[in-house]
Amino acid sequence: MVTRPVLTCSLLGLLAGQVAIQLGAAPSFVDPPAIHGLAVLSALGLGIAIVDIDRATRAQETAETLVRRSEERFRALVRHTTDMIMVVDARGVISYISPAAERELGQPVEDLVGLTALEFVHPDDREALAPYFELVSRTEEHDERAEMRLRAASGTWEWFEVSAVNRLHDPSVEGFVAIMHNITERREFQEELTRQAYHDSLTGLPNRAGFVDELDRTLDGLESGERVAVLFLDVDRFKLVNDSLGHEIGDRLLCEFARRLSDSIRPGDVIARFGGDEFTVLVRNVEAATDAVHVAERIIASLRQPLWVGDREIVATGSVGVAISEAESGPNDLLRDADLAMYMAKENGRARLEIFDGSAAPRLVGRLELEADLWRAVDEGGLDVHFQPEVDLDGGDVVALEALVRWQHPTRGMLLPGAFIPFAEESSLILAVDRYVLREACRLGEEWRERCQSELRLSVNLSPRFIRQDDAVSDVALALELSDFPASALQIEITERTALSDDEVTTRNLEALRAFGVQIAIDDFGTGYSSLGYLRDLPVNCLKLDKTFVDGVAVRDADEAIARAVIAMGHALGMRITAEGVEDQNQAAQLPGPRLRHRSGLALFARSAPRARGGTSPRRPG
């Protein structure tokens, strides 16, 4: 910038001097014209020097400008970055900390400089920091990371990820440079994911994974002679509550059970929701079996108390199995034994406890294996459908067929319904059996109708649970569609208790099936708790007189009177009457009245061959 003025002034000065010498106004040691040559050389050298000086000055100014801008940019980045930058000297004292510290920790920067860094570190994290900084101090190049908690001015602890490098030998730093990124939200999110992985979202209790993990750690820490117990609890008939009152009521019932269980256990014991309506309890410090039994008895007693869920009073109970650890017991062993003991409690009447008995284990395991086999039979088409004829007493013609399920077990032989239906009714397995029998019966029934060119009616028994489900009507409709069997030729048989249920879903399904054209029959009529007033309003087409009355018709006047009364009442209400189990002409003669049919003891056999079927068989839930 100043090169030209300086050079001009210098040249003008030289020129003025030469003019003065030439006019004799100024003395000269060198005679002209040599003096003028020297003046030219001096002017040339001066110009070069001035240009060089100017170039160097400009370069220095440019460098200083770049440094200044870089420093301003760095200060701006440090001031606005979300990460804290801290320099700690060899003594652990903070020599520099970025302005982000005020935002992250809530303290002014000037108050932090000069303090020992460990003052802000959580006590539990200090021990881990010593080897960390020792590792960082070994080299200037290695970039190590660690996580620690720092105390904020509010007293809370914030999680930071720390990346530190060693710059002790750098004269401009002389310390460890640590960049700290706040990861509090990430840690909280990770902790929440871990909590969800090991806790039940409905009740807040530990879940299966959390309980097994705790049981495993407890067993590993037992000293010689120390024992624990596992209680396995299942809510009795919980599926009935879910099916009849809805899942919302069922969930609230489970939450209330969880609260009562928590109030019944001892300090230090652990309770978990194992899955569905199953709960487990880890009882520590068991000196004798009575310690675990007392806990189980308190639980059962607390569950027996009526509870209010919304505006409904519900009495629900639980069955408890108890297993006590032995020297070599593992988590899976204890859970298996407690589960088997719970099944024993169920078989022995429910709402009670049973201590695991090894001698009963094979029978219970056999029961579980049979259940698994039944699921497989449903999936693979291993159930058989037999048909029992219904005969019109007036003409002796077969007018209907009743579908009966049989199971040809691969090792146990032919099993009647009494061997597998009761335990199937305790779970969703009964729905799978009902769907299978309904579809297979409709398929075979349509084959019978086509082969015999007959308008035979087909009767199929369905469980109360099937009728209570929301999909009952669509399941029946699908079975009819897959087989082309007419709805008007299908008769669904239900029990009196199901027919007289005040459950809205059951009533709606029965009315919808009747409107769809399906006939409705009450099976085993006379053995339940029928109200004749209700019978008048039910969507029922047929009453099936129970076999116990038919057997007594010829030998007991009372049974004959009851049978005659039921027949007369049914006919008066426009219903068909079917007498079950008529074995001879004498019994048939004692059942007078028009439109009376009897179900013969003769069974017609139709084996269901395994083949591809429409739809999918329901599979056992995990």
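So, here is what we can say about the structure in this document. For clarity, every value in this text was computed on a predicted model and none was experimentally measured. What you see as residue numbers is a count from 1 along each chain, following the sequence as written. With the structure being a predicted model, the display of local features is reserved for residues of pLDDT at least 70 and the display and counting of side-chain atom pairs for 80 or more, all residues being used for whole-chain, interface and lining totals. No hydrogens and no water enter the side-chain calculation; it runs on all heavy atoms of the structure.

### Quick look at the overall build of the protein chain
Under the DSSP-based scheme used, a helix requires at least four consecutive residues in state H or I and a strand at least two consecutive residues in state E, with every element numbered from the N terminus. Looking only at helices and strands, the protein chain has 22 helices and 22 strands in total. Counting over 622 residues, the protein chain shows a buried share of 45%. The contact rule is simple, with two residues in contact once any of their heavy atoms fall within 4.5 Å. Looking at the protein chain alone, contacts between residues at least 24 apart form 63% of all its contacts between residues at least 6 apart. All accessible areas in this document rest on Shrake-Rupley with a 1.4 Å probe, and a residue is counted as covered only by the protein chains that are shown. On the protein chain, roughly 32,500 Å² of surface is accessible, and the fraction owed to carbon and sulfur atoms is 53%. Type-normalised accessible area, obtained with a 1.4 Å probe on protein chains alone, sets the label of each residue: buried when under 20%, exposed when over 50%, and partly exposed for intermediate values.

### What to know about the environment of Phe274
Position of Phe274 relative to the elements: it lies in strand β7 (residues 270–275). As a C-alpha pair, Phe274 and Phe211 span 63 residues in sequence and 7.8 Å in three-dimensional space. If we ignore the near neighbours within four places in the chain, the residues touching Phe274 are Arg208, Phe211, Val212, Phe232, Phe279, Thr280 and Leu335.

### Describing helix α14 (residues 429–452)
By definition here, a helix of n residues has an expected span of 1.5 Å times n minus one. Taking 1.5 Å of rise per residue, 24 residues should cover 34 Å, and α14 covers 34 Å from first to last C-alpha, within 8% of that figure. Most of α14 is tucked away, with 19 of its 24 residues classed as buried. In the segment just after α14, Gln453 is the residue with positive phi, at about 50 degrees.

### Considerations on helix α18 (residues 504–516)
Taking 1.5 Å of rise per residue, the 13 residues of α18 would be expected to cover 18 Å, and the 18 Å separating its terminal C-alpha atoms lies within 8% of that figure. Where α18 is concerned, the buried positions are Val505, Thr506, Asn509, Leu510 and Leu513. The arc enclosing the buried residues of α18, seen along the axis, measures out at 130 degrees, which places them on a common side. Residues of α18 that are exposed and angled more than 90 degrees away from the buried face: Glu504 and Ala515. Positive phi shows up at Gly517, right after α18, with a value of about 110 degrees. The arc in question is traced by the directions running from the helix axis to the C-beta atoms.

### Overview of the packing of aromatic side chains
In this analysis, rings of Phe, Tyr and Trp, with Trp reduced to its six-membered ring, are considered paired at centre separations within 6.5 Å, and the interplanar angle assigns stacked below 30 degrees, edge-to-face beyond 60, and tilted for intermediate values. Inspection of the entire model under this criterion finds four aromatic pairs. Measuring from centroid to centroid gives 5.6 Å for Trp407 and Phe420, while their planes differ by 90 degrees, and the two rings are edge-to-face. Separated by 13 residues along the polypeptide, Trp407 in strand β14 (residues 398–409) and Phe420 in the loop between β15 (413–415) and α13 (421–424) bring together distant segments of the chain. Both residues of the pair, Trp407 and Phe420, belong to the buried class. By way of ring pairs, the aromatic residues Phe211, Phe232 and Phe274 are connected into one cluster. To sit over a ring, a charge needs its Lys NZ or Arg CZ within 6 Å of the ring centre and within 35 degrees of the ring normal. In this arrangement the basic side chain of Arg449 is found over the ring face of Phe485, its NZ or CZ atom lying 5.5 Å from the centre.

### Some remarks on the pattern of salt bridges
Should a side-chain nitrogen of Lys or Arg be within 4 Å of a carboxyl oxygen of Asp or Glu, the pair is scored as a salt bridge. With the rule as written, the count across this model stands at 24 salt bridges. The salt bridge involving Asp213 is made with Arg217; its shortest N-O contact spans 2.2 Å. Placement of both Asp213 and Arg217 in helix α7 (residues 208–220) is noted, with a separation of four residues, approximately one turn of the helix. Looking at Asp213, the relative accessible area reads 33%, which means it is partly exposed. Notably, a salt bridge pairs Arg352 with Glu354, separated by 2.7 Å at the nearest N-O pair.

### Thoughts on the sheet that holds strand β8 (residues 278–283)
When DSSP finds two or more bridges between a pair of strands, those strands are recorded as paired. Read across the sheet, five strands follow the order β7-β8-β6-β11-β12 without closing on themselves; strand pairing throughout is mixed. Sheet topology places β7 and β12 (353–355) at the edges, where each strand pairs with a single neighbour. Shown here is a sheet whose adjacent strand axes are inclined to one another by a mean of 20 degrees, direction ignored. Pairing between strand β11 (residues 318–324) and β12: three bridges, direction parallel. The partner of Gly321 across the bridge, within β12, is Glu354. Comment: axis = line fitted to C-alpha atoms, over the contacting stretch for helices; angle = value between 0 and 180 degrees taken between N-to-C directions.

### Topic: the pairing of strand β16 (residues 457–461)
Where burial is concerned, most of β16 is hidden: four out of the five residues are buried. As paired strands, β14 and β16 are joined by four bridges and run parallel to one another. Within the sheet, the bridge partner assigned to Ala403 lies in β16 and is Val460. Sheet analysis places β16 next to strand β17 (residues 490–494), joined by four bridges and oriented parallel. By the bridge assignment, Leu458 is partnered in β17 with Leu490.

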